[in-house]
Amino acid sequence: MSRQRTFYDKLISNLNKIRFSIIEPIIVKYARFRFEKNYIKETKNPLVSICIPTFNRGPILIDRAIKSALSQTYKNIELIVVGDCCTDNTEELLAKIKDPRLKFYNMKKRERNYPQNLENHWFVGGAAPANKAMELATGLWITRLDDDDTWSIDHIEKLLKFA
């Protein structure tokens, strides 16, 4: 069921549009200035944490995301997969992969702290496991990969060059 946007909705949207086009670039420049010393390291090979939230999609997770992440040309990675209380064979499938860079954590319960509707299912469905994965990450850089996505083999290498 869709609803008509109110004047208030449109006003807030336009104010946010102005905020994001003017104020956000200033905030980003300030943050880069303030924190860039933390990212200028002598090491040319920083650890990159790849965070993958998932829910009961073991075979596609292995076939796409895991395969893609572990075949990167950049090798100093940790791969953190967080299950949103998976009840399928995801954990068993991941246990068969003998790579010390791969870590799996299965949440004890599904967290849904937002209204249950179709739109939220698609837009914020994996928020809790994604946040848990970022909490567990130890890398200097963090990137996110969905369980059904693939990357080009030089994806992380290109991201680091850009950063």
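Note that the coordinates shown come from a computational prediction; the quantities given were computed from them, not determined experimentally.

Analysis parameters
Counting starts from 1 at the beginning of each chain's written sequence and moves along it residue by residue. Residue-level local features of this predicted model are given only where pLDDT is at least 70; pairs of side-chain atoms are given and counted only at 80 or more, and the full residue set underlies all totals for whole chains, interfaces and linings. Side-chain numbers come from the whole structure's heavy atoms, not from hydrogens or water. Only DSSP runs of H or I covering at least 4 residues are called helices, and only runs of E covering at least 2 are called strands; the numbering of each starts at the N terminus. When a residue's accessible area, from a 1.4 Å probe over protein chains only, is under 20% of the maximum for its type it is buried; when over 50% it is exposed; and in between it is partly exposed. By the convention used here, residues are in contact when the closest approach between their heavy atoms is within 4.5 Å. Exposure was quantified through the Shrake-Rupley algorithm and a 1.4 Å probe, taking into account, for residues, occlusion by the shown protein chains and nothing else. Think of it this way: a Phe, Tyr or Trp ring, Trp meaning its six-membered ring, pairs with another when their centres are within 6.5 Å, and the plane angle makes it stacked under 30 degrees, edge-to-face over 60, tilted otherwise. Cation placement over rings: the criterion is NZ of Lys or CZ of Arg within 6 Å of the ring centroid and within 35° of the ring normal.

Draft legend 1. Main features of the overall build of the chain. When helices and strands are tallied, the chain shows six helices and four strands. Secondary structure of the chain in N-to-C order comes out as α-β-α-β-α-β-α-α-β-α. Expressed as a percentage of the 163 residues in the chain, the buried residues total 29%. Across the chain, contacts joining residues at least 24 apart in sequence account for 75% of those joining residues at least 6 apart. Just so you have it, the chain exposes about 11,700 Å², and 58% of that area is on carbon and sulfur atoms.

Draft legend 2. Seen up close, the packing of aromatic side chains. Within this structure, the stated rule accounts for zero aromatic pairs. A cation over a ring is seen here: Lys-132 above Tyr-105, with NZ or CZ 5.0 Å from the ring centre.

Draft legend 3. Expanded view of the environment of Leu-102. With respect to the helices, strands and loops of the structure, Leu-102 is situated in strand S3 (residues 102–106). When its relative accessible area of 14% is taken as the criterion, Leu-102 is described as buried. For the pair Leu-102 and Glu-78, spaced 24 residues apart in sequence, the C-alpha to C-alpha distance is 6.2 Å. If sequence neighbours within four positions are ignored, Leu-102 has contacts with Ile-66, Leu-79, Val-81, Leu-94 and Ile-97.

Everything listed is a geometric property; what it means functionally is a separate question.
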